[in-house]
Amino acid sequence: MSEHSGQQPGDSAARHIAHNARVWNYWLGGKDHYEVDEQVGDQVTSMYPSIGDVARADRAFLGRAVKYLAGRAGIRQYLDIGTGLPTAQNTHEVAQRIAPDARVVYVDNDPIVLTHARALLTSTDEGATSYVDADARDPEAILRAASGTLDLGRPVAVMMLGILNFVLDTAEATSLVRHLMDAVPSGSHLVLTHPTLELGGEGNEEAMRFWNENATPPITARSRAEVEGFLAGLEILEPGLVSCARWRTDADAELGDEGPLVAQFGVVARKP
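Remember, predicted model here, so these are calculated numbers, not experimental data. (Residues numbered from 1 in each chain as written. Predicted model: local features only at pLDDT ≥ 70, side-chain atom pairs only at ≥ 80, totals over all residues. Heavy atoms only, no water.)

### Considerations on the pairing of strand β5 (residues 157-161)
(1) Moving on: Burial analysis of β5 places five of its five residues in the buried class, which makes it a mostly covered element.
(2) Moving on: Burial along β5 is two-sided: the residues Ala 157, Met 159 and Leu 161 and Val 158 and Met 160 are all buried.
(3) Moving on: Of the strand pairs in this sheet, strand β2 (residues 77-81) and β5 are connected by three bridges, and their pairing is parallel. By the bridge assignment for β5, Asp 80 is matched with Met 159.
(4) Moving on: The sheet contact formed by β5 and strand β6 (residues 189-195) spans five bridges and is parallel. When the bridges of β6 are listed, Leu 161 appears paired with Thr 193.
(5) Moving on: Between the parallel elements β5 and β6, the chain passes through helix α7 (residues 170-182) in a crossover that is right-handed. (Buried < 20%, exposed > 50% of the residue type's maximum accessible area, 1.4 Å probe, protein only. Helix = DSSP H or I, 4+ residues; strand = E, 2+ residues; numbered from the N terminus. Pairing = 2+ DSSP bridges. Right-handed = clockwise from strand over helix to strand, strands pointing away.)

Shown next, in the form of structure tokens:
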């Protein structure tokens, strides 16, 4: 969507303020962004040089988590909330490579993501992939729409990677997680990543402040204790709540050695 990308232009207003989905795409080496996203992304990188490592580690964590869920855990249904712009190794690609009958619902309310949703709507013949235009703050609407593709009476992996950090009120964010997990049965899983000022992330505080003044949507970091609050009543799988770059890296030989420690929590938890 930048002048360099060859993508179709979107709303002209979008060209003047950076947006998380596009900046994240820029950090991951994609082309679906505007010049303003590059400018803000570069400024954040200058203030917090490891942000690119965070973006890449978060994406790699998604792949390892889905491989575990589709393989060892036998999960065949995925509700991916806050999916963002499609890149390589999306949830359905990883899951259906292992389990061709896997069914995946992507959820986002960003019109930019909606424009590119067709890139997500591919599937094996045995499985299914769909896209829901809904706000993460409206779990009932998400569940209602997702039920057209998923059987909510069977285990579901609820994927919330880098999305709760845009729900600034912790009580509200906790309520959203609990609403979603209450709606799925025993054996379901929650997959979560969240930025933090711990794990060496203290330098990100100034960058987040810059982001909130120059981009959208606003973001917040949370402590280990706050993130653990999202996991109440769930069984946290080993190795626990850790830097997403350090979650089960030895389980995926393709990724080699564990990556650098990044200030982004990652966790997978099971509903008993």
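So, next bit.
### Looking at the pattern of salt bridges
(1) Moving on: Evaluation of the coordinates by the stated rule reveals six salt bridges.
(2) Moving on: One salt bridge connects Arg 22 with Asp 37, and the closest N-O pair in it is separated by 2.5 Å. Here Asp 37 lies in helix α2 (residues 35-47) and Arg 22 lies in helix α1 (residues 20-27), a separation of 15 residues in the sequence. For the pair Arg 22 and Asp 37, a shared accessibility class is recorded, and that class is buried.
(3) Moving on: A salt bridge links Arg 137 to Glu 172, with the nearest nitrogen and oxygen atoms 3.7 Å apart. (Salt bridge = Lys/Arg side-chain N within 4 Å of Asp/Glu carboxyl O.)

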